[in-house]
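Single-letter residue listing:
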Amino acid sequence: MTGGLQGPDPEERQQATGRRNSQGIRIDPDVEAEPAERREVLSALVDHEPGVLSEVAGLFARRQFNIESLTVGPTTDEGMARMTIVVREPGPGVEQAKRQLRKLAPVHSVSELSGAVERELALIKVEDDDPAGVAAVAEMYGGEAVEAGPEVVTVELTGSEEAVDAAIAAFERFGVREVARTGTAALAGGTQETRESND
Amino acid sequence: MSETESETRTAERAVQTGAEAAISALEDAGVEVGFGVQGGAIMPVYDALGQSDIRHVTMAHEQGAAHAADAYGIVTGEPGLCLATSGPGATNLVTGLADADMDSDPMVALTGQVPTDMVGNDAFQETDTTGVTTPITKTNYFATDAGTVGDTVRDAVAAASEGRQGPTLVDLPKDVTQAETATSPSHEPETKPTPEAPAEAVDEAARAFAAAEKPVILAGGGVIKGEATPELRQFAVDHGVPVVTTMPGVGAFDETHPLALGMAGMHGTGPANMALTHCDFMLAVGTRFDDRLTGGVETFAPAARIAHIDIDASEVSKNVHADYPLIGDASAVLHQLDSAVPRSPDAADWQAQCETWEREYPMDYDAPEDEPVKPQFVVEAVDEATAGDTVVTTGVGQHQMWAVQYWTFTEPRTWVSSHGLGTMGYGLPAAIGAKVAAPEREVVSFEGDGSFLMTCQELSVAVREELDITVFVLNNEAIGMVRQWQDAFFEGRRTASEYPWGPDFATVAEAFGAAGFTIDTYDDVADTVEAAREYDGPSVVDCRIDPREDVYPMVPSGGDNGAFALREEHL
Ligand SMILES: Cc1ncc(C[n+]2csc(CCOP(=O)(O)OP(=O)(O)O)c2C)c(N)n1
């Protein structure tokens, strides 16, 4: 171990002022402020081709963005599919996810849908010991029984993610056997088109 | 071309195989050279290549083909081409693709694939090549039919060079390349306008720059890739701003210029790291703020407002927040910024401070006559002996750092190294690619004994192609960078890092038909460097250097750039 160099020791050097947080943002050194997580709905128009879903999913996995749900389906344009991706990230993470997504060749546009129309569909298979009770809860959440078997009834309902959570919680008292949820689908409100966002 | 001639040509093209369509697309895109290895699924492509004007350089290993193509891309600025067969041929390209992806080097890979109807059946030599390479290419394509394969190849070449450059790959099933097609390439690749940054953003950044008292420019590899070297130099000189480079940015600014502070980061110079740590304004151009540059982000340029020019929006504020994001082409935005700057910053004191740091932290080394040769001495001797446009390639490790620290770079596209991926074995195939790209320029490679052992079979290619390259193996009988970290951070336990069993590299060179030389003492250096350079063909110099030598300065991973260690006791 030779090869040392001459010069002032680290402690003798002029000290830097200021600090950044782990996101690389300059901060007041006295306040430890890490940006809070937020839930954001992203909508991407992508080529309707094999492999695109895995490319997008792979990007999110590789770069460690937290996805809550991801849905994909056809649009009015035959060549395009729409992906709705719910992410939970601090602000800079949401921005980064959008930018990385925009770089993928099959991705045509990405928008952030705050104030959007958001819906999710759920199928909930409930024990059928109390048919009247199940029917009442289903009605309360705007669902309906789509299949009634010997022991169980399957209820279909749509709503916001929170509404679906609440409905499932309400069914718990009868006993919930299985649940299948689609994840959120969303569109921009009103006449606004769900394409490039305005950021 | 006369009308009848061009008609015959169109007629000839009217029916062609998918392979021929792919090769004509390459020719139309101006591709002149390809590096690769033959194999079953790519044979139709090779057959068409053999009948074209494109020169093919057969490599010993596909990894070598990818690195050669990568270096060709760095030296010329145009995408380098590599070819491989399906399965192991394609997977052997993986390291080279990942390397090019990290460093945004323009490159196109063509891989053979099993016939379409066998895909998914685990056929002989089948690998899901597009699946494997999705995360390590800018974009990749699976060719579906002979009629469109020409367009696909054209798109792949265009995508490799436009915007932020990078590697692209086209996977070519054998039935697609063998099928005949009547369609000739249908569309011209779109030429996109050079993107400028929004005027308002430029004005804001310009005002902040003018008000700075301690401004610094951080020049990244994007300056060179974006051909913005002249604009950057002009801007720095006009406004009197000290310039620091990243490792890929080496060559973006003439290191002999008084404003040059050298490379920053883990093994950067004292003045460069001090200037980054204490600046109040940073103009960062074409850099992705890699952790080897920033150290811990908490302590990176903690007082600086940062203006970041980059062609890739996803790099801005990814690792370090940009107060003034300037998304666009580097030279276009530097022009914009220059016109918008109301006045140069008043930074005389700051310049004086930077000069003081340059005096306080010289890059130096002791070279006692009675001890083994210091690697830095060899680097300096070769630098002195060669011209300013000499291309330097390296492997990865201590020798790479000594090469970048002790060579004085003055020109862009002369420093060819594996930055982001840190790929041992890069140097020799890169020297081959660089020499093929620039036969009129001198090409030297600095290697570690460990790095050289990884790809030295490519010497056979340099001999066959009569490539006059000179390889200096800075032989410390160890994978020295690992040994250095073991000594510093693992209490000196040298698990698997000592290589006293390495071969005699001069003999290895001779076995391949190259010239071999050895340097044992300081007295050997000048004459041996001369003899190796004068040898007309590839030569290898086994430089038996001081095995105890370490690389300094050093900022440990995640550390504070301003607290760089100058010697072991600082760590
Ligand atoms: C392919 C690969 N494997 C392992 C490493 C880890 N590594 C980084 S530097 C280094 C030492 C390289 O040794 P050598 O080429 O002899 O160069 P030296 O450091 O001795 O100059 C190693 C093993 C790497 N960078 N690349």
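Residues numbered from 1 in each chain as written. Chains lettered and ligands numbered in written order. Predicted model: local features only at pLDDT ≥ 70, side-chain atom pairs only at ≥ 80, totals over all residues. Heavy atoms only, no water.

With an unreviewed UniProt entry as reference, chain B is termed Acetolactate synthase, source organism Halocalculus aciditolerans. Turning to chain B, the UniProt record has this under Catalytic activity (unreviewed entry): "2 pyruvate + H(+) = (2S)-2-acetolactate + CO2". (UniProt positions renumbered as here; feature names shortened; annotations may be inferred.)

Under an unreviewed UniProt entry, chain A has the name Acetolactate synthase small subunit and belongs to Halocalculus aciditolerans. A UniProt comment under Catalytic activity (unreviewed entry) is attached to chain A, and it reads "2 pyruvate + H(+) = (2S)-2-acetolactate + CO2". For chain A, the Subunit (unreviewed entry) comment in UniProt is given as "Dimer of large and small chains."

Chemist: Please give an account of the sheet that holds strand β3 (residues 37-47) of chain A that cites residues and values.
Modeler: Residues and elements named next belong to chain A. The sheet built from 4 strands is open, its strands ordered β4-β5-β3-β6 with antiparallel pairing. Of all the strands in the sheet, just β4 (67-74) and β6 (107-112) have a single pairing partner and so form its edges. The mean angle between the axes of side-by-side strands here comes to 20°, regardless of whether they run parallel or antiparallel. Sheet topology places β3 next to strand β5 (residues 80-90); 11 bridges connect them, and they run antiparallel. Bridge pairing in β5 places L45 opposite R82. (Pairing = 2+ DSSP bridges. Helix = DSSP H or I, 4+ residues; strand = E, 2+ residues; numbered from the N terminus. Axes fitted to C-alpha atoms, helices over the stretch in contact; angles between N-to-C directions.)

Chemist: Run through the UniProt feature "domain: Thiamine pyrophosphate enzyme central" (unreviewed entry) in chain B, naming residues and quoting values.
Modeler: Taking the UniProt record as the reference, the feature "domain: Thiamine pyrophosphate enzyme central" (unreviewed entry) is found at residues 202-337 of chain B. End C-alpha atoms of residues 202-337 of chain B are separated by 6 Å, and the span's content is 35% helix alongside 20% strand.

Chemist: Describe in detail the domain arrangement of chain A, supporting the description with residues and values.
Modeler: All names here are of chain A. As far as domains go, chain A holds domain 1 (38-116) and domain 2 (117-186). Taking only C-alpha atoms into account, the centre of domain 1 sits 28 Å from that of domain 2. Listed per partner, the contact involves 11 residues of domain 1 and 9 residues of domain 2. Where domain 1 abuts domain 2, roughly 730 Å² becomes buried across the two surfaces, and 44% of that area is made up of carbon and sulfur atoms. Counting the surface domain 1 buries against domain 2, the share from its top three residues, R39, T71 and A116, is 52%. For the interface between domain 1 and domain 2, the tally reads 2 salt bridges. Note that E161 and R39 form a salt bridge whose closest N and O atoms lie 2.6 Å from each other. Where domain 1 packs against domain 2, one counts 5 residue pairs in polar contact (both at pLDDT 80 or more). For the side of domain 1 that touches domain 2, the elements supplying multiple residues, two or more each, are β3, β4 and β5. Of the residues belonging to the side of domain 1 that touches domain 2, the class tally is 4 nonpolar, 4 polar and 3 charged. (Domains from an automatic or database assignment. Contact = heavy atoms within 4.5 Å. Buried area = accessible area lost by both parts, 1.4 Å probe. Salt bridge = Lys/Arg side-chain N within 4 Å of Asp/Glu carboxyl O. Polar contact = N/O pair within 3.5 Å; in protein donor to acceptor, adjacent residues only side chain to side chain. Nonpolar A, V, L, I, M, F, W, Y, C, P; charged D, E, K, R; others polar.)

Chemist: Pulling in residues and values, what's your account of the pattern of salt bridges?
Modeler: Where side chains of opposite charge bring their charged atoms close, a pairing between them can arise. Summed over all chains, the structure comprises 41 salt bridges over all chains. For D290 of chain B, the salt bridge goes to R288 of chain B, with nearest N and O atoms at 3.4 Å. We classify R288 of chain B as buried; its relative accessible area is 18%. Look at the salt bridges and you will find they share partners, linking R38, E40, E95, K98 and E112 of chain A into a network. (Buried < 20%, exposed > 50% of the residue type's maximum accessible area, 1.4 Å probe, protein only.)

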